[in-house]
Amino acid sequence: MNEQQPGHSGDRPNTAWSDDLLWALAVADTAALLLDGDGALTHANTAAQVLAARLHPDDPTAEPAALLACVPDRAWDAAGVDGRWIGEVATAQPGLVLEIKVFSGLQGGTHRGLVVMSDVSARAARERELQRRHDELQQTYSRLAGAQEQLLQSEKMASIGQLAAGVAHEINNPIGYVHSNLGTLQEYVGALFALLDGYAAALQSDDPAAQRAALQNTRNRLDIDFIARDLPQLLSESREGIERVIKIVQDLKDFSHVGRGEPMRPSDLRKGLESTLNIVWNDLKYKVRVEKHYGELPLVECHLSEINQVFMNLLINAGQAIAERGSIVLATGSEDGEAWISIADTGCGIPDETLQRIFDPFYTTKPVGRGTGLGLAIAYRIVAKHHGRIEVASQPGAGSTFRIVLPLVQPPPQTEAPAP
């Protein structure tokens, strides 16, 4: 090593290195070490001496050459191939992180090397802190997403809970007449078996023809002609009742389906609307007349169970807005790559001052026990998640119209641009 340090005096050392380079390194505030073709240290500036003392605080005679031990072997290999290597290295001194730059090349036909070291401990600490905060934010976001999903599912199940009595009535009604029909069917089967016993006794008698009048009397007494006419209708009604129960149960199953983590699929929104209407029908049928104006509606890429939640919230609100008697008009259509579903009611309408807040979480004008203030907020979030929108038009005393607009195909997920 050249013991004369240019940083201490105005004299310039007489070396094979460029005098201008040595002079520039002497006044630099970053540690610089010059190496010959054999990798031996030929020059180190004042900043290198200061950094060596920091790296070895217990050794007051620490030389700048000790800094070379911080350079990883891969740095020499990369510099030999590419001419340079840059990286960060954590030193044995706690909290001290160095950014090391290794350059290798020819000067005057001789192979030489340059190692520059900077203390980036503060920057590394900031980066660690930023990473820690990023991780915390990521965890918070994951918890928030999970909480939102749980809130959505809780509101969905709460809606079903509020409709439980109506749904039970819708199930009990067909079950009731199926049960009644089975009782009648049991009587019919008994009569038919009695007639069959009469036929069997006549066949076993010595003169079956003589039993014809008795069999006719039995047939008339059991009213077999009526049974023959009524039995097919009875079975058909019973089958329709069971199918009604099956449909309600299937609609409930589809509606309560979570679908967490599933991809969006092309779905029939009209079928979803009809399914949801079937669930809430008991709450509507006593005071609401439903009109349907369905236009052409292609399949829409979505989570159908979530869109059904939107339909349910809007249908329930429409029914609650009608005090005595009224109508709900359902309409569908598509245009410009979008599908729309309209739910209009002839209820009380929404005042202008309330219309601005209807999608705010926990905001409700309903009495305690009838609303949580989450229905429209969740509906808005679901539609926004599907890159759609909800349009609202209302006139106090004349009713409200909610129009859901969704893209037929979801846009591709955005990807972050690569770092320069």
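Structure first, text after, so check above.
Now for a look at the structure at hand. (Residues numbered from 1 in each chain as written. Predicted model: local features only at pLDDT ≥ 70, side-chain atom pairs only at ≥ 80, totals over all residues. Heavy atoms only, no water.)

## Quick look at the overall build of the chain
Of regular secondary structure, the chain possesses 11 helices and 12 strands. Here the chain, with 420 residues, has 37% of them falling under the buried criterion. Looking at the chain as shown, the accessible area adds up to about 24100 Å², and 54% of this sits on carbon and sulfur atoms. (Helix = DSSP H or I, 4+ residues; strand = E, 2+ residues; numbered from the N terminus. Buried < 20%, exposed > 50% of the residue type's maximum accessible area, 1.4 Å probe, protein only. Areas by Shrake-Rupley, 256 points an atom, 1.4 Å probe, with all protein chains shown as cover.)

## Notes on the environment of His43
Residue placement: His43 occurs in strand β2 (residues 41-44). Using a relative accessible area of 1% as the deciding quantity, one classes His43 as buried.

## Details of the side chain of Asn278
You can see Asn278 is positioned in helix α8 (residues 269-284). Polar contacts involving the side chain of Asn278 include one to the side chain of Arg244, which spans 2.3 Å. Excluding anything up to four places from it in sequence, Asn278 contacts Arg244, Lys247, Ile248 and Asp251. (Polar contact = N/O pair within 3.5 Å; in protein donor to acceptor, adjacent residues only side chain to side chain. Contact = heavy atoms within 4.5 Å.)

## Some details on the packing of α8 against helix α9 (residues 304-321)
Taken N-terminus to C-terminus, the directions of α8 and α9 make an angle of 40 degrees; their axes are 9 Å apart at the nearest point. One element, α8, and the other, α9, form an angle in the oblique class. Crossing angle aside, the handedness with which α8 passes α9 is right-handed. In contact with Leu269, Gly272, Leu273, Thr276, Leu277, Ile279, Val280 and Leu284 of α8, α9 contributes Leu304, Ile307, Asn308, Phe311, Met312, Leu315, Ile316 and Gly319. Taken together, the residues of the contact of α8 with α9 sort by class into 12 nonpolar, 4 polar and no charged. (Axes fitted to C-alpha atoms, helices over the stretch in contact; angles between N-to-C directions. Parallel < 35°, antiparallel > 145°, perpendicular 65-115°, else oblique. Left-handed = near helix turned anticlockwise from the far one by under 90°. Nonpolar A, V, L, I, M, F, W, Y, C, P; charged D, E, K, R; others polar.)

## Observations concerning the packing of α9 against helix α11 (residues 375-385)
Relative to each other, α9 and α11 sit at 145 degrees, their axes nearing to 9 Å. The crossing of α9 and α11 is left-handed. Mapping the contact onto sequence places Glu306, Ile307, Gln309, Val310, Asn313, Leu314 and Asn317 in α9 and Gly375, Leu376, Ala379, Ile382, Val383 and Lys385 in α11. A per-class count over the contact of α9 with α11 returns 7 nonpolar, 4 polar and 2 charged.

## As for the nonpolar core
The biggest cluster of nonpolar side chains holds 38 residues, and the ones touching the most others in it are Leu269, Leu315, Ile328 and Ile343. Within the residue set of this core, elements represented by two or more residues are α7 (224-256), α8, β8 (300-302), α9, β9 (326-335), β10 (338-345), α11 and β12 (399-407). When residues no more than four places from it in sequence are discounted, the contact partners of Leu315 are Leu273, Thr276, Leu277, Val280, Leu284, Ile328, Leu330 and Ile343. Residues Ala44, Leu55, Val102 and Val115 belong to the second largest nonpolar core, which totals 24 residues. (Core = buried A, V, L, I, M, F, W, Y, C linked by side-chain atoms within 4.5 Å.)

## Here we look at the pairing of β12
Most of β12 is tucked away: 7 of the 9 residues are buried. Across 8 bridges, β10 lies against β12 in antiparallel orientation. When the sheet's bridge partners are listed, Asp345 is paired in β12 with Ser400. As paired elements, strand β11 (residues 389-395) and β12 share 7 bridges and run antiparallel to each other. Paired with Glu391 across the strands is Arg403, a residue of β12. (Pairing = 2+ DSSP bridges.)

## Some remarks on the environment of Ala78
Note that Ala78 resides in helix α3 (residues 73-82). Distance in space between the C-alpha atoms of Ala78 and Val102 is 8.9 Å, their sequence separation being 24 residues. Setting aside residues no more than four positions away along its own chain, Ala78 makes contact with Gly83, Arg84 and Trp85.

## Comments concerning the sheet that holds β9
Consider a sheet: its strands pair through backbone hydrogen bonds, and that pairing is either parallel or antiparallel. Taken together, the 5 strands give an open sheet; going across it, the order is β7-β9-β10-β12-β11, and neighbouring strands pair in mixed fashion. Two strands bound the open sheet, and with one partner strand each, they are β7 (288-294) and β11. On average, each strand axis in the sheet is inclined to that of its neighbour by 15 degrees, with strand direction left out of account. Packing of α8 onto the sheet brings it into contact with β7, β9, β10 and β12, and relative to β7 it is tilted by some 175 degrees.

## A few points about the pattern of salt bridges
In total, this model carries 16 salt bridges according to the counting rule given. Close ionic contact of Glu274 with Lys292 constitutes a salt bridge, the shortest N to O distance being 2.9 Å. One end of the pair, Glu274, is in helix α8; the other, Lys292, is in strand β7, with 18 residues separating them in the sequence. According to the relative accessible area criterion, Glu274 is partly exposed, its value standing at 26%. For Glu391, the salt bridge is made with Arg403, and the minimal N-O distance between the two is 3.4 Å. Placement of the pair is Glu391 in strand β11 and Arg403 in strand β12, with a sequence separation of 12 residues. Each member of the salt-bridge network shares a partner with another, and the members are Glu335, Glu338, Arg389, Glu391 and Arg403. (Salt bridge = Lys/Arg side-chain N within 4 Å of Asp/Glu carboxyl O.)

## Looking at unusual backbone geometry
Even without a glycine there, the phi angle at Asp223 is positive, about 55 degrees. When you line up the elements, Asp223 lands in the loop between α6 (212-221) and α7. Take Asp223: its relative accessible area is 39%, and that puts it in the partly exposed class. We note that Asp336 has phi near 55 degrees; this positive angle belongs to a residue other than glycine. By the secondary structure assignment, Asp336 is in the loop between β9 and β10.

## Thoughts on α8
The sharpest bend along α8 comes to roughly 45 degrees, located at Asn278. Turning to α8, its buried residues are Leu269, Gly272, Leu273, Ser275, Thr276, Leu277, Asn278, Ile279, Val280, Asn282 and Leu284. The N-terminus of α8 is capped by Asp268, whose side-chain oxygen sits 3.1 Å from the backbone nitrogen of Arg270. (Bend = angle between axes of the 7 residues up to and from the residue.)

## Description of a nonpolar patch on the surface
A contiguous nonpolar surface patch, about 360 Å² in accessible area, is contributed by Val189, Phe193, Leu196 and Tyr199. Mapped onto the secondary structure, Tyr199 falls in helix α5 (residues 164-204). A residue is classified by how much of its surface remains accessible, and Tyr199, at 32% relative accessible area, is partly exposed. (Patch = residues over 30% accessible without salt bridge, like charges linked within 9 Å, V, L, I, M, F, W, Y side chains within 5 Å.)

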